[in-house]
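Descriptive structure summary
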Amino acid sequence: MNPQITNLVVILGMMQVSKKIPFEDPTWLNGIRGMYILSNLIILGLYVYCGIAIKKKNDNTTLKYVEPAAPMSGEEPKLTTTTISAYDQTQLRSAYKSVLMGVGMMCVMHIYFKYTNPLLIQSIIPLKGAFEAKLIQIHVFGKPAIGDLKRPWKAAGFMQGMGGGDVKSDKKAVEEAERSGRGGAKEE
């Protein structure tokens with residue numbers, strides 16, 4: 001099933017559950033806070049384990065792909081040459097940033113604005129997303145990097161079409177970018 005649809009179902013279900021929870025009771029509120037903290041610790045633990053697995057494998061296979069240009073920038077797509085290990089570490093850094101941004105936003109919403117209901121939803125959706133992440137699927141669950149898990153990965157989310165297109169790794173697109181001289185410096 002599509003992850004976005006299951007996220008919507010989980011959100012709607014948790015909204016109904018949150019109506020029944022007495023957030024005014026400090027015992028319940030501290031329990032929900034504990035659940036939120038535990039879910040983020042599990043996510044960070046998964047990413048730390050994934051980082052260790054990436055470093056242990058140290059896959060130096062060359063990976064070439066063409067990144068789409070920013071929308072309405074007038075720039076041309078850029079060729080990127082890297083290794084699988086470096087690509088995975090870049091994706092892992094992005095995942096860490098995403099978790100920290102979510103925790104930061106939740107802290108502002110909960111501490112400054114005193115919203116408590118999102119704590120319940122945000123202790124489930126990011127955890128579900130972490131288990132569905134392609135890095136986790138490959139490095140923690142040991143799935144082969146074929147099909148949807150083949151690098152480079154397409155942008156996730158419903159806004160992916162707004163980003164100027166998908167990453168292209170087919171031979172024709174890479175050769176065209178190499179001939180036109182757009183990028184190609186190997187990232188170390």
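Residues numbered from 1 in each chain as written. Predicted model: local features only at pLDDT ≥ 70, side-chain atom pairs only at ≥ 80, totals over all residues. Heavy atoms only, no water.

Going by what an unreviewed UniProt entry lists, the protein is known as Phosphate transporter (Pho88) and is assigned to Discina gigas.

Some thoughts on the UniProt feature "transmembrane region" (unreviewed entry) in the protein
Under the convention used in this document: UniProt positions are given in the numbering used here, feature names are shortened, and annotations may be inferred rather than shown by experiment. For the purposes of this entry, the term helix denotes a DSSP run of H or I that reaches at least four residues, the term strand denotes a run of E that reaches at least two, and both are numbered from the N terminus.
UniProt's feature table lists "transmembrane region" (unreviewed entry) at residues 35-54 and 95-113, given in the numbering used throughout. Across residues 35-54, helical content stands at 100% and strand content at 0%; the span's end C-alpha atoms are separated by 29 Å. Secondary structure across residues 95-113 comprises 95% helix and 0% strand; the distance between its end C-alpha atoms is 26 Å.

Here we look at the confidence of the model for the protein
What counts is decided by this rule: As a per-residue quantity, pLDDT reports the predictor's confidence and falls between 0 and 100.
In the predicted model, the protein carries a mean pLDDT of 87, and 90% of its residues have values of at least 70. No element of the protein has a lower mean pLDDT than strand β3 (residues 183-186), at 52, and none a higher one than helix α2 (residues 26-57), at 97.

So, the packing of aromatic side chains
Spelled out, the test is: Only the six-membered ring of Trp is used, alongside the rings of Phe and Tyr, when aromatic pairs are assigned; centres must lie within 6.5 Å, and planes under 30 degrees apart are stacked while those over 60 apart are edge-to-face, with the rest tilted. Note on classification: 1.4 Å probe, protein chains only; a residue is buried when its accessible area is under 20% of the maximum for its type, exposed when over 50%, partly exposed between these limits.
Counted by the stated rule, this structure contains six aromatic pairs. Between Y112 and F113, the aromatic rings sit 4.9 Å apart at their centres with planes inclined by 80 degrees, giving edge-to-face as the arrangement. Between F131 and F141 the ring centres are 6.2 Å apart and the planes differ by 20 degrees, which places this aromatic pair in the stacked class. With a gap of ten residues between them, F131 in helix α5 (residues 125-132) and F141 in the loop between α6 (134-139) and α7 (171-180) connect regions that are remote in the sequence. F131 sits in the partly exposed class, given a relative accessible area of 34%.

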